[in-house]
Amino acid sequence: MDKYDVIIIGAGPGGMAAASSIKQAGKSVAVIENDLWGGTCPNRGCDPKKVLLSGVQARDKIEQLQGKGFENTPFVNWKEIQAFKRTFTDPVSESSRKSLDNMDIKTIVGNPKFISDNEIDINDEILSANNFIIATGQRSHSLNISGNQYLLDSADFLALDEMPKEITFIGAGYISFELAVIASSTGARVHIVHHNDKPLKAFDPDMVSSMMEQMKKRNIEFHFNINTQEITQDDSKYTLHADNFELNSDLIFDATGRIPNTENLDLETANVTYDRHGIQTNEFLQTSNPIIFAIGDVLAKKQPKLTPVSGFEARYVTDYLLGKNTAAIQYPVIPTVVYGGPELAQIGVPVEEAQKDSSMTVKDLDTTNWFTYHRSNDPVAKIKTVINNKNQIVGASILSSDSSEFINLFTTFINSKTPINDILNQVMAYPTSASDLEYLI
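The model shown is predicted, which means the values in this text are computed figures rather than measured ones.

Enquirer: Give a detailed account of the overall build of the protein chain, specifying residues and quantitative values.
Expert: For the protein chain, the helix and strand inventory stands at 13 helices and 23 strands. The C-alpha radius of gyration of the protein chain comes to 23 Å, within 12% of the 22 Å expected for a compact globule of 441 residues. Across its three principal axes, the protein chain shows a C-alpha extent of roughly 70 × 65 × 40 Å. Per-residue burial over the protein chain gives 51% buried out of 441 residues. Long-range pairs, those at least 24 residues apart, make up 63% of the contacts in the protein chain between residues at least 6 apart in sequence. Accessible surface, the protein chain: about 20900 Å² in total, of which carbon and sulfur atoms supply 46%.

Enquirer: If you had to explain the sheet that holds strand β13 (residues 245–249) to someone new, which residues and values would you point to?
Expert: One open sheet holds the 3 strands; their spatial order is β11-β12-β13, and the pairing between them is antiparallel. Each edge of the open sheet is held by one strand with a lone partner, namely β11 (230–234) and β13. Mean inter-strand twist for the sheet, computed between neighbouring axes without regard to direction, equals 25°. Pairing of strand β12 (residues 237–242) with β13, which is carried by 5 bridges, proceeds in the antiparallel orientation. What sits directly across from His-241, in β13, is Glu-246.

Enquirer: Describe in detail the nonpolar core, supporting the description with residues and values.
Expert: In terms of nonpolar packing, the biggest core is built from 52 residues, with Phe-157 and Phe-177 touching the most fellow members. Among the elements that line this core, the one with the most residues is helix α7 (residues 174–184), at 7 residues. Apart from residues no more than four positions distant in its own chain, Phe-157 is found in contact with Trp-78, Gln-82, Met-163, Ile-167, Phe-169, Leu-179, Ile-182, Ala-183 and Phe-253. Ala-18, Leu-267, Ile-295 and Ala-314 belong to the second largest nonpolar core, which has 44 residues in total.

Enquirer: So what's going on with the packing of helix α3 (residues 46–64) against α7? Which residues, and what values?
Expert: For the pair α3 and α7, interaxial distance at closest approach is 9 Å and the crossing angle is 45°. Regarding the angle of α3 to α7, the classification is oblique. Handedness of the α3/α7 crossing: left-handed. Seen from α3, the contacting residues are Lys-49, Leu-52, Leu-53 and Val-56; seen from α7, they are Glu-178, Val-181 and Ile-182. Looking at the contact of α3 with α7, its residues break down into 5 nonpolar, no polar and 2 charged.

Enquirer: Provide a residue-level description of the packing of aromatic side chains, including the pertinent values.
Expert: Applying the stated criterion across every chain, the model contains 15 aromatic pairs. Judged by centre distance (5.7 Å) and plane angle (65°), the ring pair of Trp-78 and Phe-157 falls under edge-to-face. Pair noted here: Trp-78 is in helix α4 (residues 78–89) and Phe-157 is in helix α6 (residues 154–158), with a separation of 79 residues, a long-range link. The burial state of Trp-78 is the same as that of Phe-157; both residues are buried. Measuring from centroid to centroid gives 5.3 Å for Phe-169 and Phe-253, while their planes differ by 25°, and the two rings are stacked. Separated by 84 residues along the polypeptide, Phe-169 in strand β8 (residues 166–170) and Phe-253 in strand β14 (residues 251–254) bring together distant segments of the chain.

Enquirer: Got a sec to walk through α4? Specific residues and values, please.
Expert: Compared with the 16 Å implied by 1.5 Å per residue over 12 residues, the 16 Å span of α4 between its first and last C-alpha is a close match. Along α4, the positions that sit buried rather than exposed are Trp-78, Ile-81, Gln-82, Lys-85 and Thr-89. Each buried residue of α4 lies within a common arc of 105° when the element is viewed along its axis, so the set occupies one face. Counted as exposed and oriented over 90 degrees from the buried face of α4: Lys-79, Glu-80 and Thr-87. Among the structural elements, α2 (40–44), α3, α5 (92–102), α6 and α7 are those in contact with the buried residues of α4. Capping the start of α4 is the job of one residue whose side-chain oxygen sits 3.2 Å from the backbone nitrogen of Lys-79: Asn-77.

Enquirer: Describe the state of the cysteines, and please don't skip the residues or the numbers.
Expert: Inspection of the entire model under this criterion finds 1 disulfide. Between Cys-41 and Cys-46 runs a disulfide, and the two sulfur atoms are separated by 1.7 Å. The disulfide joining Cys-41 to Cys-46 has a torsion of about -130° about its S-S bond and is therefore left-handed. By relative accessible area, Cys-41 is classed as buried at 11%.

Enquirer: With reference to specific residues and values, describe the layout of surface pockets.
Expert: Approximately 730 Å³ is the volume attributed to the second largest pocket. Asp-60, Gln-64, Arg-218, Pro-379 and Ser-401 are the residues nearest the centre of the second largest pocket, which is lined by 36 residues in total. Put simply, the parts of the chain that give the lining of the second largest pocket at least two residues each are α3, α11 (371–374) and α12 (403–416). For the lining of the second largest pocket, the element with the most residues is α3, which contributes 8 residues.

Enquirer: Kindly report on the pairing of β12, identifying the contributing residues and their values.
Expert: By the criterion of burial, β12 is predominantly enclosed, with 5 of the 6 residues buried. Two elements, β11 and β12, share 5 bridges in a ladder whose sense is antiparallel. Within β12, the position partnered with Asp-234 by the bridge is Lys-237. Taken together, β11 and the strand that follows it, β12, pair antiparallel across an intervening segment of 2 residues, in which Asp-235 is found at a positive phi of about 55°.

Enquirer: Tell me what's going on with the sheet that holds β8, and back it up with residues and numbers.
Expert: One open sheet accounts for 4 strands, arranged β10-β9-β8-β14; its pairing is parallel. Both outer strands of the open sheet, β10 (220–223) and β14, are each paired with one neighbouring strand and no more. Within the sheet, the average angular offset between the axes of one strand and its neighbour, ignoring direction, is 20°. Running at roughly 165° to strand β9 (residues 189–193), α7 makes contact with β8, β9 and β10 of the sheet.

Conventions used here
Residues numbered from 1 in each chain as written. Predicted model: local features only at pLDDT ≥ 70, side-chain atom pairs only at ≥ 80, totals over all residues. Heavy atoms only, no water. Helix = DSSP H or I, 4+ residues; strand = E, 2+ residues; numbered from the N terminus. Rg over C-alpha atoms; globule rule 2.2 N^0.38 Å. Buried < 20%, exposed > 50% of the residue type's maximum accessible area, 1.4 Å probe, protein only. Contact = heavy atoms within 4.5 Å. Areas by Shrake-Rupley, 256 points an atom, 1.4 Å probe, with all protein chains shown as cover. Pairing = 2+ DSSP bridges. Axes fitted to C-alpha atoms, helices over the stretch in contact; angles between N-to-C directions. Core = buried A, V, L, I, M, F, W, Y, C linked by side-chain atoms within 4.5 Å. Parallel < 35°, antiparallel > 145°, perpendicular 65-115°, else oblique. Left-handed = near helix turned anticlockwise from the far one by under 90°. Nonpolar A, V, L, I, M, F, W, Y, C, P; charged D, E, K, R; others polar. Phe/Tyr/Trp six-rings, centres within 6.5 Å; stacked < 30°, edge-to-face > 60°. Expected span 1.5 Å × (residues − 1). Arc of directions from axis to C-beta. Polar contact = N/O pair within 3.5 Å; in protein donor to acceptor, adjacent residues only side chain to side chain. Disulfide = S-S within 2.5 Å. 1 Å grid on protein atoms, 1.4 Å probe; cavity = no way out; pocket = protein on both sides within 12 Å on 5 of 7 lines; lining within 4 Å. Points joined across faces, edges and corners; volume = space filled by probe spheres on them.

Shown next, in the form of structure tokens:
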């Protein structure tokens, strides 16, 4: 039986980062993966999605300048941009595993199962370790309805060889919003179906409403308060059925959420507690079995399940195991972004919460006609900032073409608790979104 200092289950960004750091500290490490090395994000998640969104952004710029230097707005050529995307994604899995092999980290393909507190069975071989790190991530949820075998998921969308003329997304979360914008840029007619009337429920409702108005102009239709009951197939078409509602499409995608990859590990045998939200850990990211840690999207946590958060947790656990840090994990304030058209970004204290707190002030501005956005004829740009009674920014919600970049500036100021007077003393490059900051606080 082989024994390691640390066995890591899952070779996504978190698992890869932890493996590298632990090996560099002179420890023996094995990494186990049952799918694509490198994880969801670079293979079939945020990275390929962002490549496809580059086509959306280019088209939008041309569309906004019609009659102002450009004529005719082309649709995105799906086959060509897919080919471009695959230049990024195709090498990822092999190169990720090779990078571990080059560090003399043991890499194993298979489905491990715990057989005791400190042992696993992988490919009929028993391995043990002083510590384990579970970083198995999450996967797309599947609706429990008749005909769910006809439903596709976000990974299927990102791998499409051809874009159909009409598609439907079930669920009104960030996945549907982002993929709908990508599909519409190719000329497809897009539907988003949701079981209630609260899309993107974690974001500011006013901003979401403004975002949806722009999406409707892209040939994206919203259908709310539709409780999908069945999917049927007729020749090459699919029909979504609900009470007094039917919708035909070439393809239907289930984007109703994601669930943690906890089954098949036999976590009960290792005395690891988990539920439908993921693995439960303490403030040191230890599971109920103290030698087993968990990081990334497989965790049951209130923090956003995002790639950089996984990396942050990997660094923390690595330092904890190496004795470099014995304090409880302290998360920074974390931004979240819907990469649509326009982009919607948010961080910190929500506007709705701040409006109920007399110690906070909300500044709400429509910046569409400010030079920063008017020069490129952007259709909408809005921002709300939340300021506390210590004269510090504690929250922001941004809707614009560059929200994903602009929100990072707010992230820095919020986490550093920079007083507004100190921010005003900064001189930013002009004209940029950052140079508008002095008027937004």
